[in-house]
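So the chains spell out like this:
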Amino acid sequence: MNEKQLQDKLDELKSDYVRIQGDLDKLEYVRGRVSSAEEQLIRLEGEIAEIHRQLDAFNR
């Protein structure tokens, strides 16, 4: 991936993270099952961290 593709992917992941965080908040409010949303957030955090590492490699 080039730097532009990585930045686009990062933007997409951040958008997904915000959406899922909102879903999690709603689930907590209605006492729903939050474990699936939490797992998705953890996965996204890992993917975001990896994209940041790859972008850092371009900036060195």
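Check the entry above for the structure.
To start, this report covers the structure provided alongside it.

Procedures and definitions
- Residues numbered from 1 in each chain as written.
- Predicted model: local features only at pLDDT ≥ 70, side-chain atom pairs only at ≥ 80, totals over all residues.
- Heavy atoms only, no water.
- Helix = DSSP H or I, 4+ residues; strand = E, 2+ residues; numbered from the N terminus.
- Buried < 20%, exposed > 50% of the residue type's maximum accessible area, 1.4 Å probe, protein only.
- Areas by Shrake-Rupley, 256 points an atom, 1.4 Å probe, with all protein chains shown as cover.
- Lys, Arg positive; Asp, Glu negative; His and termini not counted.
- Charge placed at Lys NZ, Arg CZ, Asp CG, Glu CD.
- Patch = residues over 30% accessible without salt bridge, like charges linked within 9 Å, V, L, I, M, F, W, Y side chains within 5 Å.
- Salt bridge = Lys/Arg side-chain N within 4 Å of Asp/Glu carboxyl O.
- Axes fitted to C-alpha atoms, helices over the stretch in contact; angles between N-to-C directions.
- Parallel < 35°, antiparallel > 145°, perpendicular 65-115°, else oblique.
- Left-handed = near helix turned anticlockwise from the far one by under 90°.

## A closer look at the overall build of the protein chain
Next up, step 1: In terms of helices and strands, the protein chain carries 2 helices and 0 strands.
Next up, step 2: For the protein chain, with 60 residues in total, the buried portion stands at 20%.
Next up, step 3: Carbon and sulfur atoms make up 50% of the accessible area of the protein chain, which amounts to about 4500 Å² in all.
Next up, step 4: Separation between the mean location of the 10 positive side-chain charges and that of the 14 negative ones in the protein chain comes to 2 Å.

## Overview of a negative patch on the surface
Next up, step 1: A contiguous patch of negative charge, built from Asp25, Glu28, Glu38 and Glu39, is present on the exposed surface.
Next up, step 2: Secondary-structure elements contributing two or more residues to the negative patch are helix H1 (3-29) and helix H2 (35-58).
Next up, step 3: Secondary-structure assignment places glutamate 28 in helix H1.
Next up, step 4: Residue classification places glutamate 28 among the partly exposed positions, given a relative accessible area of 42%.

## Examining the packing of H1 against H2
Next up, step 1: Closest axis-to-axis distance for the H1/H2 pair is 9 Å, and the angle between their directions is 160°. Classified by the angle between their axes, H1 and H2 sit roughly antiparallel to one another. Seen along the crossing, H1 lies across H2 with a hand that is left-handed.

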